[in-house]
Amino acid sequence: MSAAYLAGSAPEGTARRDYPPYRSSLLRHPTKRLQPADPEGVEMLSPVFGQQDVHPLESDLTVQHGGEPLGERITVSGRVLDGAGRPVAGQLVEIWQANASGRYVHKRDQHPAPIDPNFTGVGRCLTGPDGSYRFTTIKPGAYPWRNHRNAWRPAHIHFSLFGTDFTQRLITQMYFPGDPLIAYDPICQSIVDPAARDRLVADYHHESSAPEWSLGYRWDIVLAGSARTWTENEAFGGADR
C-alpha cells in the first residue's frame, strides 16, 4: 500500500531544496534559519475548526454544485498514521486539485482548457477513530506549467494536514500509478530517494472501487518516522499551483 511519510523537516538527502530544473525553487527555497513562533499568538489570529464545522458532504467534490462534474469519478481513501503506525484521529485533511481538463478555478490559471461549472476542486474531512479519510472526486488532468519547454505536471491531488494547531501544517501531493509524466516532472524528480518518490504514488484499490460508479485509490499518510519524505512547505515554501 502506498504511503507518504511526512515530518517537520526533511531528512538529509531526501529532496533538493534548490533544484535548478524546478526553476521557482531557486527563488522560493529557504535561505535563512527558521524563526520560532508563538503558537498561542498565531492561534488568536487563525481560523478554528472542529467536528461541528466540517460537514460530511464536504468530502464529496462531485455534489457541491447543481450538476454532475465532467470526468472520471474516483474515490481516494486511506489512513493517517504516526511514526509508530498508530492511527491519528480527528485530523483535518484538506484537498485541492485541477478538474478533468487540467484547469484550476483560480484567476492565475490561464491554461486554455475548459472550466467545469460543476467542479470547484476543493474538499475536506476529519479522520475517523482509525485514522481513516475518504474523498469522492474527479480524476484531475495534466496541465502545462511553463517551467521549461513542453513542461506538463502529472495528474495530482494536493493534500493539507493540520496537527494540534495551525503552526503544524503539512502539505504534499498524491500522484496516480502508471503516469508517464512523473519521470519528466522536476518537482517529483527533486526527491532523490526513489523509494520516497514512489510513496507519493497511490495504489489502485479494486476493493474500494464502486460498481458502475467510481474507481478506487488507496494512499496512507505517515506523519513521522525514519522514512520521511518531501513536503511542499518544507522543501520549497509552496507548490506550482
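Criteria and cut-off values
- Residues numbered from 1 in each chain as written.
- Predicted model: local features only at pLDDT ≥ 70, side-chain atom pairs only at ≥ 80, totals over all residues.
- Heavy atoms only, no water.
- UniProt positions renumbered as here; feature names shortened; annotations may be inferred.
- Helix = DSSP H or I, 4+ residues; strand = E, 2+ residues; numbered from the N terminus.
- Buried < 20%, exposed > 50% of the residue type's maximum accessible area, 1.4 Å probe, protein only.
- Pairing = 2+ DSSP bridges.
- Axes fitted to C-alpha atoms, helices over the stretch in contact; angles between N-to-C directions.
- Phe/Tyr/Trp six-rings, centres within 6.5 Å; stacked < 30°, edge-to-face > 60°.
- Core = buried A, V, L, I, M, F, W, Y, C linked by side-chain atoms within 4.5 Å.
- Contact = heavy atoms within 4.5 Å.
- Salt bridge = Lys/Arg side-chain N within 4 Å of Asp/Glu carboxyl O.
- pLDDT = per-residue confidence, 0-100.

Some thoughts on the UniProt feature "domain: Intradiol ring-cleavage dioxygenases" (unreviewed entry) in the protein
- In the UniProt entry, the feature "domain: Intradiol ring-cleavage dioxygenases" (unreviewed entry) is given for residues 76–104.
- In this annotation, residues 76–104 is assigned 0% helix and 38% strand; the end-to-end C-alpha distance for the span is 19 Å.

What to know about the pairing of strand 5 (residues 132–138)
- Across the 7 residues of strand 5, 5 count as buried, placing the element largely inside the fold.
- Strand direction decides the pairing type here: strand 2 (residues 73–81) and strand 5, joined by 7 bridges, are antiparallel. Paired with Thr75 across the strands is Thr136, a residue of strand 5.

A closer look at the sheet that holds strand 4 (residues 122–126)
- On the basis of which strands lie adjacent, the open sheet formed by 4 strands has the order 4-3-8-9 and antiparallel pairing. Two strands in the sheet have a free side with no partner beyond their single neighbour: strand 4 and strand 9 (169–175). Each strand of the sheet is rotated relative to its neighbour by a mean of 20 degrees, with strand direction disregarded.
- Alignment of strand 3 (residues 92–96) against strand 4, held across 5 bridges, turns out to be antiparallel. Its bridge partner being in strand 4, Leu92 is matched across the sheet by Leu126.

Some points on the packing of aromatic side chains
- Inspection of the entire model under this criterion finds 7 aromatic pairs.
- Judged by centre distance (5.1 Å) and plane angle (90 degrees), the ring pair of Phe176 and Tyr217 falls under edge-to-face. Of the two residues, Phe176 sits in the loop between strand 9 and helix 3 (186–189) while Tyr217 sits in strand 11 (residues 215–218), which places them 41 residues apart along the sequence.
- Among the residues examined, Phe176 registers a relative accessible area of 1% and is labelled buried.
- Three or more aromatic residues joined by ring pairs form one cluster here, namely Tyr133, Phe135, Phe159 and Trp219.

Concerning the nonpolar core
- By size, the foremost hydrophobic cluster in this structure holds 38 residues, and its most contacted members are Tyr133 and Phe159.
- Elements with a contribution of two residues or more to this core: strand 2, strand 3, strand 5, strand 8 (156–162), strand 9 and helix 3.
- Once residues lying within four places of it in the same chain are set aside, the contact partners of Tyr133 are Val76, Ser77, Gly78, Arg79, Val80, Cys125, Thr127, Phe159, Trp219 and Ile221.

Description of the pattern of salt bridges
- Throughout the structure, instances matching the rule amount to 5 salt bridges.
- Salt-bridge contacts for Arg73 lead to Glu68; the nearest nitrogen and oxygen are separated by 3.1 Å.
- For Arg73, a relative accessible area of 18% puts it in the buried group.
- Notably, a salt bridge pairs Arg103 with Asp109, separated by 3.9 Å at the nearest N-O pair.
- Accessibility expressed as a relative area gives 13% for Arg103, which makes it buried.

Things to note about unusual backbone geometry
- A positive phi angle, near 60 degrees, is found at Arg146, a position not held by glycine.
- Among the structural elements, Arg146 can be located in the loop between strand 6 (143–144) and strand 7 (152–153).
- Backbone geometry places Glu212, a non-glycine residue, at a positive phi of 60 degrees.
- Looking at the secondary structure, you find Glu212 in the loop between strand 10 (203–204) and strand 11.

With respect to the environment of Ala89
- By the secondary structure assignment, Ala89 is in the loop between strand 2 and strand 3.
- In this structure the C-alpha to C-alpha distance between Ala89 and Gly128, which are 39 residues apart in sequence, comes to 5.3 Å.
- Residues within four places of Ala89 in sequence aside, it is in contact with Thr127, Gly128 and Pro129.

Remarks on the confidence of the model for the protein
- Per-chain confidence: the protein averages 83 in pLDDT, with 73% of residues scoring 70 or above.
- Below pLDDT 50 for its whole length, residues 7–13 participates in 12 contacts with residues either more than four positions away or in separate chains.
- Low pLDDT (under 50) marks residues 234–238, which in the prediction has 26 contacts with non-local residues, meaning those over four places away or in another chain.

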